[in-house]
Amino acid sequence: MAAKTKFQAIRGTRDLLPPETALWNHVEWTAHEVFGTFGFGEIRPPIFEPTELFARSIGLETDVVSKEMYTFRDPTEELDKILIDVLRFAEEKGITFGFGSDNVETPAKVQRILSEQPLLQSESVTLRPEATASVCRAYIEHGMQQLPQPVKLYYMGPMFRRERPQKGRYRQFYQIGAEVLGGGDAPAIDAEVIEMVMTFFDKLGLTGVELDINSIGHNAPDCRPAYIEKLRAALEQVKDQLGADSQHRIETNPLRVLDSKLEHEQAIIATLPRIADHLCPDCAAHYAAVKRQLEMRGVFFKENWRLVRGLDYYMRTTFEITAKGLGSQNAVCGGGRYDGLVELLGGPPTKGIGFAIGEDRLILSLQESGKGAAPQGRDIYIAWMGERAYATAVRAAKDLRNSGFSVELPPTELKFGKALERADKLGSRYALILGDNEVSEGSWTLKTLVDGTQQKFTEPELLEFLKQRKSGS
Ligand code: HAM
């Protein structure tokens with residue numbers, strides 16, 4: 001007999017279950033609604049893409065690309081077809097192939113050998129670790145630069161990163177994000193995107209929300225690169241006092257040292273040169289205008305010169321939002337401007353800015369602050385007994401569900417006592433009692449479960465009563 005395997009969700013993944021999923025739906029519907037009021041339309045890109053798309057956009061030296069991607073080889077039909085054509089041609093011409101010195105193989109045998117080596121005929125694909133790259137790819141692929149600019153898109157769905165799982169950090173997690181592509185880089189665009197996410201959080205009643213902003217300049221010699229050289233030189237001076245990760249980053253990406261959470265590095269980092277003092281005049285003016293625009297919209301922010309973000313595509317405005325009750329993984333949203341990205345992926349020069357919210361963390365924070373209580377329980381539990389009553393119960397369930405009530409109709413007969421017990425356990429508001437007596441009389445008894453009161457109704461009266469209660473409650 002085969003050993004029994006106890007299957008479990010893979011480390012870093014989890015099932016989202018009722019009643020919590022009701023809160024997920026509420027959050028997602030609020031996003032649809034709020035983002036809609038800002039003129040955004042939904043995009044649903046695929047969950048896997050060519051590895052190269054992420055490698056090129058996010059950057060090879062980032063944690064995401066260098067350590068965290070779920071990448072696998074996917075056999076490509078195109079390559080298969082080409083190979084088969086070549087082999088067929090070889091067959092016709094009587095060509096044979098040699099592997100090593102004395103093995104001479106026929107094309108048919110070569111085809112069989114190669115078909116056992118899928119790696120030779122595959123492309124590398126990756127489960128998306130984020131969706132900005134996909135949205136840019138879609139913008140280019142569908143010629144969206146022909147549409148009225150800017151193009152405003154939002155998305156929601158699962159992302160995948162092989163990180164060390166902990167509270168608020170998963171290997172499959174969910175993001176709700178938005179991107180604005182094309183149409184210039186007016187500071188008002190940056191401010192409006194930030195205003196939108198803050199409005200969304202406000203609508204959900206998220207508490208302890210803090211918005212940090214920064215500008216990391218752009219890639220011209222008199223801007224970020226000059227700052228990075230200054231930063232690198234300053235870091236070299238204190239290299240011995242830094243941990244191994246930061247030491248490595250002095251070479252690969254000195255900006256990321258500013259991200260360090262290591263306790264003993266904090267005092268050292270506080271003395272490093274700050275990018276705000278080294279922005280070129282255009283970036284400095286852009287940053288000042290973004291801040292003015294945020295003030296005009298009543299959006300509170302804190303400037304944080306250490307906010308550099310972990311992905312390579314950013315320039316100028318960067319921002320992060322934290323919320324209450326999340327412990328060390330407290331960033332509930334991150335975003336910024338990425339003007340060169342569409343071009344880097346082969347598209348026309350296009351400005352871009354966006355953000356992504358960690359939905360898992362958003363939900364956690366809502367739950368921790370008591371905003372997570374999802375409505376639970378059925379409206380009506382139908383306690384029926386007897387053949388004739390069952391036929392009426394089936395019809396009643398259908399009518400009530402059509403009128404928008406959630407109804408539990410037990411599939412087998414239960415004694416009334418047992419049925420009422422179940423109704424209670426399910427958190428039902430009412431029990432509709434249908435026995436053969438009720439059916440003969442044409443009267444339906446409704447029991448309100450919190451106080452045990454009972455009332456008799458005719459069928460139309462009952463529907464009317466329930467509808468009034470629903471709209472009044
Ligand atoms: P990100 O900062 O890598 O940015 O991720 C955004 C948010 O996703 C984080 O603030 C966090 O809430 C959530 N998140 C990230 N990793 C995990 C994880 N392992 N478990 C749970 N939540 C996580 C981006 O992804 C960019 N694409 C954002 C963006 C859009 N920038 C411009 N447009």
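The rules behind these values
- Residues numbered from 1 in each chain as written.
- Predicted model: local features only at pLDDT ≥ 70, side-chain atom pairs only at ≥ 80, totals over all residues.
- Heavy atoms only, no water.
- Axes fitted to C-alpha atoms, helices over the stretch in contact; angles between N-to-C directions.
- Helix = DSSP H or I, 4+ residues; strand = E, 2+ residues; numbered from the N terminus.
- Parallel < 35°, antiparallel > 145°, perpendicular 65-115°, else oblique.
- Left-handed = near helix turned anticlockwise from the far one by under 90°.
- Contact = heavy atoms within 4.5 Å.
- Nonpolar A, V, L, I, M, F, W, Y, C, P; charged D, E, K, R; others polar.
- Pairing = 2+ DSSP bridges.
- Disulfide = S-S within 2.5 Å.
- Buried < 20%, exposed > 50% of the residue type's maximum accessible area, 1.4 Å probe, protein only.
- Expected span 1.5 Å × (residues − 1).
- Core = buried A, V, L, I, M, F, W, Y, C linked by side-chain atoms within 4.5 Å.
- Phe/Tyr/Trp six-rings, centres within 6.5 Å; stacked < 30°, edge-to-face > 60°.
- Lys NZ or Arg CZ within 6 Å of the ring centre and 35° of its normal.
- 1 Å grid on protein atoms, 1.4 Å probe; cavity = no way out; pocket = protein on both sides within 12 Å on 5 of 7 lines; lining within 4 Å.
- Points joined across faces, edges and corners; volume = space filled by probe spheres on them.

Moving on, we come to the packing of helix H7 (residues 187-204) against helix H11 (residues 281-296). Their axes nearest at 8 Å, the elements H7 and H11 cross at an angle of 45°. When the axis of H7 is compared with that of H11, the two are oblique. The hand of the H7/H11 crossing is right-handed. Across from Pro187, Ala188, Asp190, Ala191 and Ile194 in H7, the residues of H11 making contact are His286, Ala289, Val290, Gln293 and Leu294. Here the contact of H7 with H11 is composed, by residue class, of seven nonpolar, two polar and one charged.

Looking now at the sheet that holds strand E16 (residues 430-434). Sheet architecture is open: five strands sit in the order E15-E14-E16-E17-E18, paired in mixed fashion. In this open sheet, the two strands that pair with only one neighbour each are strand E15 (407-408) and strand E18 (454-457). Relative to E15, strand E14 (residues 380-384) runs parallel, the two being bridged by two bridges. Paired with Ile380 across the two strands is Val407, which belongs to E15.

Throughout this description, disulfide means a covalent bond between two cysteine sulfur atoms. A complete count under the given rule lists zero disulfides for this structure. Left without a disulfide partner, Cys136 is nearest to the cysteine sulfur of Cys333, which lies 17 Å away. Take Cys136: its relative accessible area is 0%, and that puts it in the buried class. In this model Cys280 remains outside any disulfide bridge; the closest cysteine sulfur is found in Cys283, 3.7 Å from its own. Of the residues examined, Cys280 reaches a relative accessible area of 5% and is grouped as buried.

Counting buried residues in strand E7 (residues 151-160) gives nine out of ten residues, a clear majority hidden from the surface. For strand E1 (residues 41-42) and E7, the ladder comprises two bridges, and the chain directions are parallel. Along E7, the bridge assignment pairs Gly41 with Leu153. Here E7 runs beside strand E8 (residues 172-181); their pairing, made up of ten bridges, is antiparallel. Each residue of the ladder has a partner; that of Lys152, found in E8, is Val180.

Here we take up unusual backbone geometry. For the bond from Pro18 to Pro19, the omega torsion is 5°, close enough to zero to count as cis. Structurally, Pro19 can be placed in the segment before helix H1 (20-37). The residue after Gln149, namely Pro150, is reached through a cis peptide bond having omega -5°. Here Pro150 shows up in the loop between helix H6 (132-141) and E7. Backbone geometry at Arg309 places phi at a positive 70°, although glycine is not the residue there.

Let us now look at H11. Helix length check: H11, at 16 residues, gives a terminal C-alpha distance of 22 Å against a target of 22 Å (1.5 Å per residue), a fit within 8%. Where the residues of H11 are buried, they touch H7, strand E9 (210-215), strand E10 (302-303), strand E11 (315-322) and strand E12 (331-337). Downstream of H11 by a residue or two, Gly298 has a phi angle that is positive, lying close to 70°.

Among the nonpolar cores identified, the biggest contains 95 residues, and Phe35, Phe200, Phe201, Phe355 and Leu362 are the most heavily contacted of them. No other element matches the ten residues that H7 contributes to this core. Setting aside its immediate chain neighbours within four residues, Leu362 contacts Val27, Phe200, Phe201, Leu204, Leu206, Val332 and Ile357. Counting residues in hydrophobic clusters, the runner-up holds 20 residues, among them Ile380, Ile382, Ala393 and Phe405.

Attention shifts here to the packing of aromatic side chains. Across all of its chains, the model carries eleven aromatic pairs by this definition. Centre to centre, the rings of Phe200 and Phe201 are 5.8 Å apart; their planes meet at 35°, and the pair counts as tilted. Among the residues examined, Phe200 registers a relative accessible area of 0% and is labelled buried. The exposure class of Phe201 is buried, given its relative accessible area of 1%. Taking NZ or CZ as reference, Arg162 lies 4.3 Å from the ring centre of Tyr70, over its face.

Of the pockets and cavities examined, the second largest pocket occupies roughly 520 Å³. Counting only elements with at least two residues in the lining of the second largest pocket, the list comes to helix H2 (51-58), helix H8 (224-238) and helix H12 (341-344). When residues of the lining of the second largest pocket are assigned to their parent elements, the largest contribution, three residues, is made by H8. A breakdown of the residues in the lining of the second largest pocket according to their chemical character gives eleven nonpolar, seven polar and six charged.

What follows is about the sheet that holds E12. Taken together, eight strands build an open sheet; the order of strands is E1-E7-E8-E13-E12-E11-E9-E10 and the sheet is mixed. Looking at strand neighbours, the two that pair on one side only are E1 and E10, the edges of this open sheet. Bridge count between E8 and strand E13 (residues 352-358): seven bridges; the pairing is antiparallel. Each residue of the ladder has a partner; that of Glu179, found in E13, is Gly354. The strands that H1 touches are E1, E7, E8 and E13; relative to E8, the one it contacts most, it runs at about 0°.

To continue, consider the environment of Ala397. Mapped onto the elements of the fold, Ala397 is located in helix H14 (residues 387-402). For Ala397, a relative accessible area of 1% translates into the label buried. With 61 residues separating them along the chain, Ala397 and Thr458 place their C-alpha atoms 15 Å apart. In this structure, Ala397 is in contact with Ile382, Val407 and Leu409, ignoring residues within four places of it in sequence.

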